[in-house]
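# Reading the structure
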Amino acid sequence: MSTRETPAQIGDLPPLGRPAKSALLAVGVTTVADAAALGRRALLALHGVGPKAIRILAEECERRGVDLRD
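Everything numeric in this text was worked out from a predicted model, so none of it was measured.

## Structural notes on the overall build of the protein chain
Looking only at helices and strands, one finds 4 helices and 0 strands in the protein chain. When the helices and strands of the protein chain are placed in sequence order, the string is α-α-α-α. When its C-alpha atoms are laid out on the principal axes, the protein chain stretches across 30 × 20 × 20 Å. Classification of the 70 residues of the protein chain by burial places 37% in the buried group. Expressed as a percentage of contacts within the protein chain between residues at least 6 apart in sequence, the contacts between residues at least 24 apart total 44%. Per element, the accessible surface of the protein chain, about 4200 Å² overall, is 52% carbon and sulfur. Between the centroid of the 10 positive side chains of the protein chain and the centroid of its 8 negative side chains there is a distance of 6 Å.

So this is what it looks like as structure tokens:
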């Protein structure tokens with residue numbers, strides 16, 4: 001899937017850049033809980049997910065009271 005084909009909204013994920021959304025979709029992450037379970041290190045290892053996407057996801061996890069694993 002090219003990043004241009006990536007939907008604007010994926011599950012309950014916060015707004016992220018297209019490369020990050022595409023990378024998350026490729027591994028089946030469609031919710032904040034999915035991202036939290038995967039953890040920061042695994043997320044950062046995905047091509048397209050950088051520090052800004054991690055920060056946005058971490059803030060959303062904190063807002064929801066979900067623990068983003070390291």
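## What to know about helix α1 (residues 18-26)
Taken together, the buried positions of α1 are occupied by Ala 20, Lys 21, Ser 22, Ala 23 and Leu 24. Each element contacted by the buried residues of α1 is listed here: α3 (40-44) and α4 (51-64). Once α1 ends, the next one or two residues include Gly 28, with phi positive near 85 degrees.

## Examining the pattern of salt bridges
One pass over the full model with this rule turns up 5 salt bridges. Here Glu 59 and Arg 55 are joined by a salt bridge, their closest N and O atoms 3.5 Å apart. Separated by 4 residues within a single helix, Glu 59 and Arg 55 lie in helix α4, roughly one turn from each other. Salt bridges sharing partners connect three or more residues here, namely Asp 12, Glu 60, Arg 63 and Arg 64.

## Here's the deal with the nonpolar core
Across soluble globular proteins, nonpolar side chains have a tendency to be buried as a group. Judged by nonpolar contacts, the single largest core of 20 residues is most densely connected at Leu 16, Leu 24, Leu 43 and Val 49. When contributions to this core are tallied by element, the ones reaching two or more residues are α1, α2 (32-38) and α4. If you tally residues by element for this core, the top one is α4, at 6 residues. The residues contacting Leu 43, other than those within four sequence positions of it, are Leu 24, Ala 35, Leu 38, Val 49, Ile 54, Leu 57 and Leu 68.

Parameters at a glance
Residues numbered from 1 in each chain as written. Predicted model: local features only at pLDDT ≥ 70, side-chain atom pairs only at ≥ 80, totals over all residues. Heavy atoms only, no water. Helix = DSSP H or I, 4+ residues; strand = E, 2+ residues; numbered from the N terminus. Buried < 20%, exposed > 50% of the residue type's maximum accessible area, 1.4 Å probe, protein only. Contact = heavy atoms within 4.5 Å. Areas by Shrake-Rupley, 256 points an atom, 1.4 Å probe, with all protein chains shown as cover. Lys, Arg positive; Asp, Glu negative; His and termini not counted. Charge placed at Lys NZ, Arg CZ, Asp CG, Glu CD. Salt bridge = Lys/Arg side-chain N within 4 Å of Asp/Glu carboxyl O. Core = buried A, V, L, I, M, F, W, Y, C linked by side-chain atoms within 4.5 Å.

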